[in-house]
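Chains, contacts and geometry: an overview
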Amino acid sequence: MTLALSIGILVAGGVFMLLQRGMIRIVLGFIMLSHAVNLILMSAGVTSRRDAPLMATADPATAADPLPQAFVLTAIVIAFAITIYMLTLAVARSDDDTEDPS
Amino acid sequence: MILPVLLGVLVVAVAATPLLDRGLGRNAGWVLAGVFGTLAAVVGAQAPAVLGRGETLEFFVPWMPTLDVGLHLRLDGTSWLFAMLVLGVGALVMAYSTRYFPPGRRTGFYGLMTAFAVAMLGLVLADDVVVMFVFWELTTICSFLLIGLSGESANRPAVRTFILTGLGGLALLAAVVMLMVNAGTSRLSTILAETDWQASPGWSVAVALLVILAAFTKSAQFPFHYWLPDAMAASTPVSTYLHAATMVKAGIYLLMRFTPVFGDFPLWNVLLIGTGLVTAFIGALFALQRTDLKELLAYSTVSQLGLLVAIIGVGTPYALAAAGVHTLAHALFKASLFMLMGVVDTRNGTRDIRELPGLWRAMPATATLMTIGALSMAGIPPLLGFVSKEAILDAMVGLPGEPWVGLLVALGAVAASTLTFAYSFRMVYGAFGGSPGTAKHGEAGPSYLLAPAVTALSGLVLAFALPVLDPLVDRLVLDTTGTAHESHLALWHGFNLPLLLSAIVIGLGAVLAWQRVAVDRVLDRQLVPVQGTQVFEAAYRGVIAAGVRIGRLTASNAPAPYLAAILLTLGGTAIAVTLGRPVVPAQPEPTTRPTDWLLVALILVAVTAVVITRSRLAAVALVGVVGFAVALWFLLLGGFDLALTQLLVEILTVVVAVLVLRRLPRAFHPTPRARRLGAGVVAVVMGVAAGLAAFALTGRREMSPASEYFLRNAEEETGGTNVVNTILVDFRALDTLGELVVLGVTGLIIIGVLESARLNHGRLPEKVAGFAQNVVFSARENSLIMRTVARGLGPVLTLLSLYLLLRGHSAPGGGFIAALVGGAGFALAYLAAPAAARARIRLPYPRLIAAGVAIAGGSGILGYLEGSFLRPLHVDIPLPGDGYYHFTTALIFDVGVYLAVIGVLLTALNRLGTEDDIHAEEPLGPGVESTDEDDPDSEDETNDEIDEGTAAEPDLASPKGGRR
């Protein structure tokens with residue numbers, strides 16, 4: 001429930017920013033959307049078990065789902081790379097306006 | 001075991017070429033010629049077994065066992081012939097290259113030529129359709145690169161060749177897929193032997209057509225013939241290899257390989273014979289038109305390939321026997337003619353017969369050898385070319401079916417051969433005949449003439465040792481038609497129809513040669529209204545123009561309209577689905593905890609603020625807050641590594657964003673209220689849809705079997721206790737490798753983008769004359785605390801990052817996190833520096849990225865020691881005293897990850913953080929020593945203060961203020 005709410009809020013904010021003018025806002029929207037997607041991935045696992053899956057200390061019966069965590073770890077880094085790239089695009093022109101001046 | 005060794009030695013030779021090139025320059029060719037020659041001898045030594053006793057050498061290693069694709073290699077008679085050509089002609093071309101090129105290094109040439117040999121050898125040895133396709137494509141790529149080596153003027157020809165032969169490659173791919181799906185195996189010999197070709201005639205015809213298309217593009221058959229003369233832009237050794245032994249012979253090989261199954265398809269016979277003869281005729285006709293010797297030879301190759309395709313199309317044992325002999329004969333005479341043409345070209349500075357003086361006296365050896373080659377090409381006894389042409393005519397006359405059809409086909413070949421005679425004469429007479437002039441340099445040295453002499457004289461010697469070729473021909477016929485055959489190649493077969501036809505060819509050809517002035521007058525015009533290259537370019541432009549036109553239908557520079565349409569459809573669908581099927585399984589266990597609500601509230605507040613604010617800086621900071629909240633979420637969900645990664649990524653994103661922001665206006669571009677409202681509606685719809693979907697569709701099941709497996713077995717199987725890390729570097733390392741490559745590419749793209757478009761310097765700080773000398777605005781003084789902290793913290797961060805890297809397998813940490821910590825150290829050093837110019841961390845960041853990806857990939861190759869790519873190896877290293885250190889190659893992989901991530905971070909910092917050079921070098925004045933530039937942080941404060949304090953400075957306060 002709480003996870004779903006967080007996802008909903010992030011998606012709404014991200015989509016709103018994506019639909020604005022200017023590259024920076026689009027990048028920020030993208031960041032928030034990727035947060036939302038990462039949380040969806042987490043939510044797809046078993047979120048009722050929340051012990052860190054460090055088997056030196058954890059019990060396999062209560063440890064959190066490691067699979068979505070591995071996905072999300074990859075996703076975070078890729079999203080970071082794309083974010084930097086999009087930020088670069090924002091300054092590769094004289095302005096980050098994404099719309100023709102009307 | 002011989003077959004993989006052949007390929008392996010060549011691959012090693014490719015790797016060694018840079019060294020050889022550095023040490024020996026053009027003479028590296030001698031070493032390679034030795035390698036090729038030795039390998040050719042090894043293949044030749046298989047002749048008694050393969051040709052004499054009819055054995056077939058095979059080799060197999062699994063490659064993709066789950067797809068049943070393996071490195072199947074197979075040497076039968078057909079492969080033997082082509083392998084000998086690749087290696088033998090390769091050796092001679094390498095030797096020739098040492099004298100053809102001027103002294104000095106031949107960067108890339110030898111490596112690419114050897115790689116080309118690998119590709120071609122792999123192609124003719126492959127007994128797996130997938131492997132065969134891979135090598136087929138490699139020949140295309142190598143030829144593209146080799147043609148492109150010749151400089152600017154060769155660019156378009158290289159591209160045209162690549163696209164056309166690449167097209168054929170796609171046809172082959174389609175055929176390969178169809179064959180694999182149907183047969184259930186990728187083994188070529190099994191497919192050829194066991195497929196039921198009668199079961200579905202339409203399917204068989206489709207495969208046949210695809211194979212034909214692939215072969216025709218590769219072997220330059222009409223209407224694709226134009227690429228071969230176009231590719232003349234390549235240097236002569238490349239052309240020699242391309243024309244005589246590789247590339248174009250790949251198509252011939254493919255047709256021979258598929259003859260056992262398609263040889264009696266009427267469609268196959270008609271298409272091959274028809275196209276082959278047309279190609280043979282027009283190729284010869286165009287050759288007769290040329291004055292450039294190289295072009296003449298190129299069209300001659302087109303013509304000869306046409307003849308080969310036609311005779312393969314006949315499909316009888318006699319025809320395939322003739323095809324085998326002619327393949328050999330053509331390789332020999334074409335290699336010598338090309339190389340000798342190169343000799344003439346380099347000695348005289350031209351290869352145009354209108355400009356060449358009569359070189360007979362000046363270059364007698366070259367002239368003799370070229371005459372021998374030309375006689376073989378023209379089909380005159382006693383040369384191998386005569387034997388093969390007789391055999392071809394004989395097989396054509398014997399075409400099954402109505403006798404007149406065979407005769408007609410043979411007459412087509414007679415017409416082409418007559419023209420061949422004429423252009424052979426034209427070539428020799430053009431180069432060497434006529435009034436003797438003074439040659440620039442005289443005769444070439446023996447080492448230069450060695451290679452062409454070997455090929456030309458082989459054509460002569462073999463004609464007198466024809467029984468030697470009988471076993472080869474018999475085996476080839478058995479391979480390609482499945483029929484036992486006993487050939488008796490001979491120069492003299494008695495008076496028969498082929499001999500009469502040969503006599504006609506020679507007679508008519510002699511007439512054409514005698515009447516060459518008249519012939520020239522007739523041919524000295526545009527024979528066809530269009531040229532192949534023009535058609536290609538028109539089609540090429542047309543495709544691009546069509547793409548542009550289609551794109552323009554919806555094109556707009558603003559992304560919002562597209563996005564809104566997509567998002568609304570998506571959101572609407574999602575809501576409709578969710579509302580339409582309200583049956584939702586119950587949650588097995590409660591997934592919500594009271595503390596979660598704090599995060600929901602935090603995210604709600606931060607996101608709302610992001611949406612409302614008009615200041616860029618505020619928005620970036622607020623998105624950072626959102627990121628922290630998400631990191632906390634990960635922590636609550638038990639993801640230690642995730643939370644750490646997210647936190648660090650958030651910090652670094654803000655650092656990079658700030659570097660970017662100072663070049664942009666302060667506030668966002670204004671958007672009208674109606675638009676904000678519209679966007680708001682779309683956003684809310686999407687948010688509700690996503691939230692509902694997440695609530696209804698996720699978190700309603702038990703742990704997946706895969707997760708359960710990882711939790712229970714990770715430690716046992718990998719020695720690591722941090723399950724998430726073991727998944728990343730052990731179980732699913734290939735995914736991580738892919739991710740790493742994405743990361744590396746991003747870094748390179750950033751460099752590329754900023755190289756091609758100058759960095760925007762829009763809002764860099766302007767020096768305020770009055771304040772510049774004031775200590776309050778001195779970047780140096782202001783960054784003192786930061787610098788002090790950084791000095792102490794930098795080494796700690798570096799050590800910490802190394803520690804995190806080493807322990808990642810068993811505790812939170814690993815390559816990503818360690819690199820992000822290290823990157824944070826660099827960011828700190830960057831921010832603390834008083835001037836951007838000084839903060840540049842002078843590490844070769846593109847190399848770091850490359851090294852990272854290479855190390856990660858290389859550690860994957862180590863995994864082959866235990867059977868598969870990226871499989872981690874484990875060693876327990878005993879420590880002094882007690883205990884063991886558990887070492888795994890996964891750690892090397894993690895080091896690769898570490899380097900690549902650091903490289904990308906440094907790229908972003910260095911590239912986005914650079915100042916305008918004018919700013920950086922500007923001296924401040926006598927009062928302040930050497931602080932050229934405000935550092936990014938204090939600069940913002942500077943401007944803020946000006947904003948508040950001196951509103952009378954509209955220039956600075958306005959978003960567009962600044963230098964530009």
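An account of the accompanying structure is given in this report. Remember, predicted model here, so these are calculated numbers, not experimental data. (Residues numbered from 1 in each chain as written. Chains lettered and ligands numbered in written order. Predicted model: local features only at pLDDT ≥ 70, side-chain atom pairs only at ≥ 80, totals over all residues. Heavy atoms only, no water.)

1. Observations concerning the overall build of chain A
We count it as follows: The way it works is that DSSP assigns letters per residue, a run of H or I at least four long becomes a helix, a run of E at least two long becomes a strand, and they are numbered from the N terminus. Between the two quantities, the radius of gyration covers C-alpha atoms and the globule rule is 2.2 Å times the number of residues to the power 0.38. We call a residue buried when its accessible area falls under 20% of the maximum for its residue type, exposed when it is over 50%, and partly exposed in between, using a 1.4 Å probe and counting protein chains only. Every residue pair with non-hydrogen atoms within 4.5 Å of one another is taken to be in contact. Calculation of accessible area relied on Shrake-Rupley with a 1.4 Å probe; when residues are assessed, cover is drawn exclusively from the protein chains displayed. Positive charges come from Lys and Arg alone, negative charges from Asp and Glu alone, with His and the N- and C-terminal ends not counted. Lysine's charge is taken at NZ, arginine's at CZ, aspartate's at CG and glutamate's at CD.
When you go through chain A residue by residue, the secondary structure sums to three helices and zero strands. Helices and strands in chain A line up, N terminus first, as α-α-α. Here chain A has a C-alpha radius of gyration of 18 Å; the compact-globule value for 102 residues is 13 Å, and the former is much larger. Overall, chain A is about 60 × 25 × 15 Å in size when its C-alpha atoms are taken along their principal axes. With 102 residues in all, chain A has 75% of them scored as buried. In chain A, once contacts between residues fewer than 6 apart in sequence are set aside, the share between residues at least 24 apart is 56%. Element-wise, carbon and sulfur atoms account for 68% of the exposed surface of chain A, whose accessible area totals about 2,900 Å². Distance between charge centroids for chain A: 3 Å, based on 5 positive and 8 negative side chains.

2. What to know about the packing of helix α5 (residues 109-125) of chain B against helix α11 (residues 236-244) of chain B
Residues and elements named next belong to chain B. Basically, it comes down to this: To obtain an axis, a line is fitted to C-alpha atoms, over the contacting stretch when the element is a helix, and the angle between two such axes runs from 0 to 180 degrees between their N-to-C directions. Note that the term roughly parallel is reserved for angles under 35 degrees, roughly antiparallel for angles over 145, roughly perpendicular for angles of 65 to 115, and oblique for everything else. For this scheme, ten residues count as nonpolar: Ala, Val, Leu, Ile, Met, Phe, Trp, Tyr, Cys and Pro. Four count as charged, namely Asp, Glu, Lys and Arg, and the remainder, Gly too, count as polar.
In the contact formed by α5 and α11, the axes pass within 12 Å of each other and the chain directions differ by 0 degrees. Of the possible angle classes, the one that applies to α5 and α11 is roughly parallel. Residues Phe109, Met113, Phe116 and Ala117 of α5 lie in contact with α11, whose contacting residues are Pro237, Val238, Tyr241 and Leu242. Class assignment of the residues belonging to the contact of α5 with α11 gives a composition of eight nonpolar, no polar and no charged.

3. So, helix α20 (residues 470-481) of chain B
Residue and element names in this part refer to chain B. Heads up, the condition is: Helix span, expected: 1.5 Å multiplied by one less than the number of residues in the helix.
In a regular helix each residue adds 1.5 Å, so twelve residues correspond to 16 Å; α20 covers 16 Å between its end C-alpha atoms and thus fits that length. Counting buried residues along α20, nine of its twelve residues qualify, which places the element largely inside the surrounding structure. When α20 is considered as a whole, its buried residues turn out to be Asp470, Leu472, Val473, Asp474, Arg475, Leu476, Val477, Asp479 and Thr480. Each element contacted by the buried residues of α20 is listed here: α3 (47-52), α4 (77-100), α12 (248-262) and α15 (317-348). Directly after α20, the chain includes glycine 482, whose backbone phi takes a positive value near 75 degrees.

4. So, the nonpolar core
What counts is decided by this rule: Remark: nonpolar core denotes a set of buried residues (Ala, Val, Leu, Ile, Met, Phe, Trp, Tyr, Cys) joined through side-chain atoms within 4.5 Å. For the domain bounds, the source is a domain assignment made automatically or taken from a database.
Core analysis: the biggest nonpolar cluster contains 199 residues, and Leu121(B), Trp227(B), Tyr241(B), Phe258(B), Phe262(B), Met396(B) and Met427(B) have the highest contact counts within it. Counting residues per element, this core draws most heavily on α15(B), which supplies 19 residues. Here this core gathers at least three residues from each of two domains, domain 1 (1-159 + 229-254) and domain 2 (263-524) of chain B. Aside from chain neighbours lying at most four places away, what touches Leu121(B) is Leu6(B), Leu7(B), Leu10(B), Ala83(B), Val86(B) and Leu87(B). Met23(A), Leu28(A), Leu797(B) and Ala819(B) belong to the second-largest nonpolar core, a separate cluster that totals 126 residues.

5. Topic: the interface of chain A and chain B
Definition in use: Once two parts are joined, some of their accessible surface, as seen by a 1.4 Å probe, is lost; buried area is that loss totalled over both. We define a salt bridge as a contact between a side-chain nitrogen of Lys or Arg and a carboxyl oxygen of Asp or Glu at a distance within 4 Å. Throughout this description, a polar contact denotes any pair of N or O atoms lying within 3.5 Å of each other; where both atoms belong to protein, one of them has to be capable of donating a hydrogen while the other can accept it, and for residues adjacent in sequence the pair is counted only when both atoms sit in side chains.
Taken together, the contact pairs 79 residues of chain A with 105 residues of chain B. In total, chain A and chain B occlude about 8,200 Å² of area from one another, counting both sides; carbon and sulfur atoms represent 74% of this. At the junction of chain A with chain B, the criterion picks out one salt bridge. Between Arg50(A) and Asp596(B) there is a salt bridge; the shortest N-O distance is 3.0 Å. Summed over the shared surface of chain A and chain B, the result is 13 residue pairs in polar contact (both at pLDDT 80 or more). Of all elements in the fold, only α1 (2-18), α2 (23-44) and α3 (66-91) of chain A reach the threshold of two or more residues within the side of chain A that touches chain B. Looking at the side of chain A that touches chain B, the element that brings in the most residues is α3(A), giving 20 residues. Among the residues forming the side of chain A that touches chain B, the class breakdown is 49 nonpolar, 18 polar and twelve charged.

6. Looking at the side chain of Ser707(B)
Of note, Ser707(B) is situated in helix α29 (residues 705-718). If near-sequence neighbours (up to four positions away) are discounted, Ser707(B) is found in contact with Asp65(A), Pro66(A) and Leu67(A).

7. Details of the packing of α4(B) against α15(B)
Residues and elements named next belong to chain B. Two elements in contact, α4 and α15, have axes whose closest approach is 11 Å; the angle formed by their N-to-C orientations is 5 degrees. Comparing their axes, α15 and α4 come out roughly parallel. Mapping the contact onto sequence places Leu81, Phe82, Leu85, Val89, Leu92, Tyr96 and Tyr100 in α4 and Gly324, Thr327, Leu328, Ala331, Ala335, Phe338, Met339, Gly342, Val343 and Thr346 in α15. Looking at side-chain class alone, the contact of α4 with α15 contains 13 nonpolar, four polar and no charged residues.

8. Here we look at the pairing of strand β3 (residues 874-878) of chain B
Residue and element names in this part refer to chain B. Where we set the bar: Whether two strands pair comes down to DSSP finding at least two bridges between them.
Across five bridges, the pairing between β3 and strand β4 (residues 884-888) is antiparallel. Looking across to β4, one finds that aspartate 876 is bridged to histidine 886. Here β3 hands over to β4 after five residues, with glycine 881 in that stretch at a positive phi of 90 degrees.

9. A few points about the side chain of Asp479(B)
Residue and element names in this part refer to chain B. Along the chain, the position of aspartate 479 falls in helix α20. A distance of 3.1 Å separates the side chain of aspartate 479 from the backbone nitrogen of threonine 78, its partner in a polar contact. The contact partners of aspartate 479, leaving out residues within four places of it in the chain, are Asp76, Gly77, Thr78 and Pro260.

10. Some remarks on the packing of aromatic side chains
All names here are of chain B. The condition that has to hold: Stacked, tilted and edge-to-face pairs are distinguished by plane angle, under 30 degrees for stacked and over 60 for edge-to-face with tilted covering the rest, among Phe, Tyr and Trp rings (Trp via its six-membered ring) whose centres lie within 6.5 Å. We call a charge positioned above a ring when the Lys NZ or Arg CZ atom is no farther than 6 Å from the ring centre and deviates by at most 35 degrees from the ring normal.
Counted according to the given criterion, the structure contains 20 aromatic pairs over all chains. Plain terms: the ring middles of tyrosine 100 and phenylalanine 101 are 5.1 Å apart, the flat faces sit at 85 degrees to each other, and that makes the pair edge-to-face. Classification of tyrosine 100 by relative accessible area gives buried; the value is 15%. Their ring planes at 15 degrees and their centres at 5.9 Å tell us that phenylalanine 258 and phenylalanine 262 sit as a pair that is stacked. Linking phenylalanine 258 with phenylalanine 262, this pair stays in helix α12, spanning four residues, or about one helical turn. Pair check on accessibility: phenylalanine 258 and phenylalanine 262 agree, each one buried. Of note, arginine 700 hangs over the ring of phenylalanine 695, and the distance from its end group to the ring centre comes to 4.9 Å.

It is worth stressing that arrangement in space is one thing and function is another; only the former is reported here.
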